[in-house]
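Chains, contacts and geometry: an overview
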Amino acid sequence: MKNNKVYLGLGTAAIGRPQYINIREKTTKTDFSLEEFRNQGFSLLQQAYEMGIRYFDTAPGYGMAENLLIEWLKTIEDPQVEVATKWGYTYTANFDPNATQHEVKEHSLAKLNEQWATSVQLLPYLTTYQIHSATFETGVLENEGVLRRLAQLKKNQGLVIGLTSTGSNQLQVLQQALSIQIEGVPLFDAFQVTYNVLDQSLAAILEEMGRQHKRIIIKEALANGRVFPNPDYPHYAELYRILNEIATHHSVGIDAIALQFCRQTVRPFTVLSGASNATHLLSNLQMEEIKLSDEEIRLLKDQAVSAAFYWEERKALDWN
Ligand SMILES: NC(=O)c1ccc[n+]([C@@H]2O[C@H](COP(=O)([O-])OP(=O)(O)OC[C@H]3O[C@@H](n4cnc5c(N)ncnc54)[C@H](OP(=O)(O)O)[C@@H]3O)[C@@H](O)[C@H]2O)c1
């Protein structure tokens, strides 16, 4: 077992529900075993811990993931372990691998209180409580009752309050969130954001975040799998060539390069792995062994696409 805490965190979306958004080929499953799926998820949490991972990100919207984590935490005793969860999505697919509706979003005070009643069981490991996918559309950043309740949880439970952001207007959402204060105290201190070699739009707000000492957590660092060479994305041929060349040079996988790129260019609190198995997680962890040169960073920075294009393409990805 690795005693040194690693930088990478584990996102638990893939171990909590049989389908989530990525580039895998769509298959119709008939032989799905819920018990097997549960055991695999539980075992990945333990394997991740043994590999040195101490930051775990979950959400009630990730099917059984939050409950798996609650159960697994009972088996350890380690003050280094840190958990982040969210509220705002209800999982509705009932573990049917062929389901078409997966989740329902609701940013109400009632939903916050309902989901908190389960998430509270993650204490004392729970450090971070986030609005799941804050957007202007749900009005959550203007909902006085919700904001006051979050401020109360921050004060009473000592939690870091945060939000996750998604979409081409991520920057505007972050700007608004940064300006929110409750009784003169800024409410949000953690921001789980999308950032990767393709969507680097976060860069525009990094200086401001740094000045305010905010905690940045990076999700979708592998662009949901789009960083891996794929004939469906011929427009990324140059990116694939560059990633391959750098990966060969460092003797690691493309995933390690893409993750380390996020680390070196943003210097976030943590970068999340979305791996669903130990082989991919181990490969992701190779990021810890390398340092990209200034020239490699420059080459990768040049591969960014516009946020609008990135999110159009992301919208077309299926639940697989
Ligand atoms: N707040 C939100 O709204 C939100 C949204 C998305 C994600 N998240 C959080 O961020 C975490 C990570 O995001 P993500 O899973 O969407 O995105 P990601 O890390 O960009 O991509 C994960 C994809 O990359 C694949 N992959 C990883 N390592 C690989 C390897 N070595 N070889 C081949 N494929 C590999 C995974 O496949 P396998 O599954 O086969 O390992 C999966 O399909 C989630 O678990 C969740 O905690 C939050």
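Before reading on, note that the structure itself is shown above.
Here is a short report on the structure shown in this document.

The rules behind the values
Residues numbered from 1 in each chain as written. Predicted model: local features only at pLDDT ≥ 70, side-chain atom pairs only at ≥ 80, totals over all residues. Helix = DSSP H or I, 4+ residues; strand = E, 2+ residues; numbered from the N terminus. Rg over C-alpha atoms; globule rule 2.2 N^0.38 Å. Buried ≥ 20, exposed ≤ 12 C-beta atoms within 10 Å, placed from the backbone. Near = placed C-beta within 6 Å. Nonpolar A, V, L, I, M, F, W, Y, C, P; charged D, E, K, R; others polar. Core = buried A, V, L, I, M, F, W, Y, C linked by C-beta atoms within 7 Å. Contact = placed C-beta atoms within 7 Å. Arc of directions from axis to C-beta. Pairing = 2+ DSSP bridges. Axes fitted to C-alpha atoms, helices over the stretch in contact; angles between N-to-C directions. Right-handed = clockwise from strand over helix to strand, strands pointing away.

1. Details of the overall build of the chain
Secondary structure assignment for the chain yields 12 helices and 14 strands. What you see for the chain is a C-alpha radius of gyration of 19 Å, in line with the 20 Å of a compact globule of 320 residues. Projected onto its principal axes, the C-alpha positions of the chain cover 50 × 50 × 40 Å. Across the 320 residues of the chain, 41% fall into the buried class.

2. Focus: the site of the ligand
Gly-11, Thr-164, Lys-219, Gly-274 and Ser-276 are the nearest of the 30 residues found near the ligand. In terms of residue count, the dominant contributor to the shell around the ligand is helix H10 (residues 278-284) (three residues). Class assignment of the residues belonging to the shell around the ligand gives a composition of eight nonpolar, 17 polar and five charged.

3. Some details on the nonpolar core
Generally speaking, nonpolar side chains in soluble globular proteins are found buried as a group. In this structure, Leu-69, Ile-218, Ala-221, Ile-257, Ala-258, Leu-259 and Cys-262 are the most contacted members of the largest nonpolar core, which totals 79 residues. Tallying contributions element by element places helix H9 (residues 254-266) first for this core, with eight residues. Not counting residues within four places of it along the chain, the set of residues in contact with Ile-218 comprises Val-193, Tyr-195, Cys-262, Val-266, Pro-268, Val-271 and Leu-272.

4. Topic: unusual backbone geometry
What is expected of a backbone is that most residues other than glycine have negative phi and most peptide bonds are trans. With an omega of 5°, the peptide bond running from Leu-123 to Pro-124 counts as cis. Residue placement: Pro-124 occurs in the loop between helix H4 (109-119) and strand E7 (126-131). You will see that Phe-95, though not glycine, has its phi angle at about 55°, which is positive. In this fold, Phe-95 is placed in the loop between strand E5 (89-91) and strand E6 (103-105). Positive phi, normally seen in glycine, also occurs at Ser-251, with a value near 55°. Positionally, Ser-251 belongs in the loop between helix H8 (237-250) and H9. Given 10 C-beta atoms within a 10 Å radius, Ser-251 is considered exposed.

5. Quick notes on H4
The set of residues buried in H4 consists of Leu-112, Gln-115 and Ser-119. Viewed along the axis of H4, the buried residues span an arc of 80°, placing them on a single side of the element. Of the residues in H4, the exposed ones pointing more than 90 degrees away from the buried face are Ala-110 and Ala-117. Looking at the buried positions of H4, the neighbouring elements they touch are helix H3 (65-73), strand E4 (82-87), E7 and helix H5 (144-157).

6. Let's talk about the sheet that holds strand E1 (residues 9-11)
Spatial strand order, E1-E3-E4-E7-E8-E11-E12-E13: eight strands in a closed barrel with parallel pairing. Strand-to-strand twist of the sheet, defined as the mean angle between neighbouring strand axes without regard to direction, takes the value 25°. By the bridge criterion, five bridges tie E4 to E7 in an arrangement that is parallel. Paired with Ala-84 across the two strands is Thr-128, which belongs to E7.

7. Examining the pairing of strand E11 (residues 190-194)
When you tally the buried positions in E11, you get five out of five residues, the bulk of the element. Of the two faces of E11, the one carrying Ala-190, Gln-192 and Thr-194 and the one carrying Phe-191 and Val-193 are both buried. Examined bridge by bridge, strand E8 (residues 160-164) and E11 share three bridges and lie parallel to one another. For Thr-164, the partnering residue across the bridge sits in E11 and is Gln-192. Inspection of the sheet shows E11 paired to strand E12 (residues 215-219) by five bridges, in the parallel sense. Note on E12: the bridge partner recorded for Gln-192 is Ile-217. Running through helix H7 (residues 206-211), the crossover from E11 to the neighbouring parallel element E12 is right-handed.

8. A look at the environment of Ala-134
Relative to the assigned elements, Ala-134 resides in the loop between E7 and H5. The exposure class of Ala-134 is buried, given the 26 C-beta atoms found within 10 Å. It is 5.7 Å that separates the C-alpha atoms of Ala-134 and Ser-165, two residues lying 31 residues apart in sequence. Apart from residues lying up to four places away in sequence, Ala-134 is in contact with Val-140, Leu-141, Leu-163, Thr-164, Ser-165, Val-173 and Ala-177.

9. Digging into the pairing of E4
Residues in a regular strand project their side chains so that they alternate between the two faces of the sheet. Of all six residues in E4, five are buried, a share of seventy percent or more. The pairing of strand E3 (residues 55-57) with E4 spans three bridges and is classified as parallel. Of the residues in E4, the one forming a bridge with Asp-57 is Ala-84. Taken together, E3, H3 and E4 constitute a β-α-β crossover, and its handedness is right-handed.

10. Observations concerning the environment of Glu-114
With respect to the secondary-structure elements, Glu-114 resides in helix H4. On the basis of neighbour counts, which here come to 14 C-beta atoms within 10 Å, the residue Glu-114 falls in the partly exposed class. Residues Glu-114 and Glu-208, spaced 94 residues apart in sequence, show a C-alpha to C-alpha distance of 34 Å.

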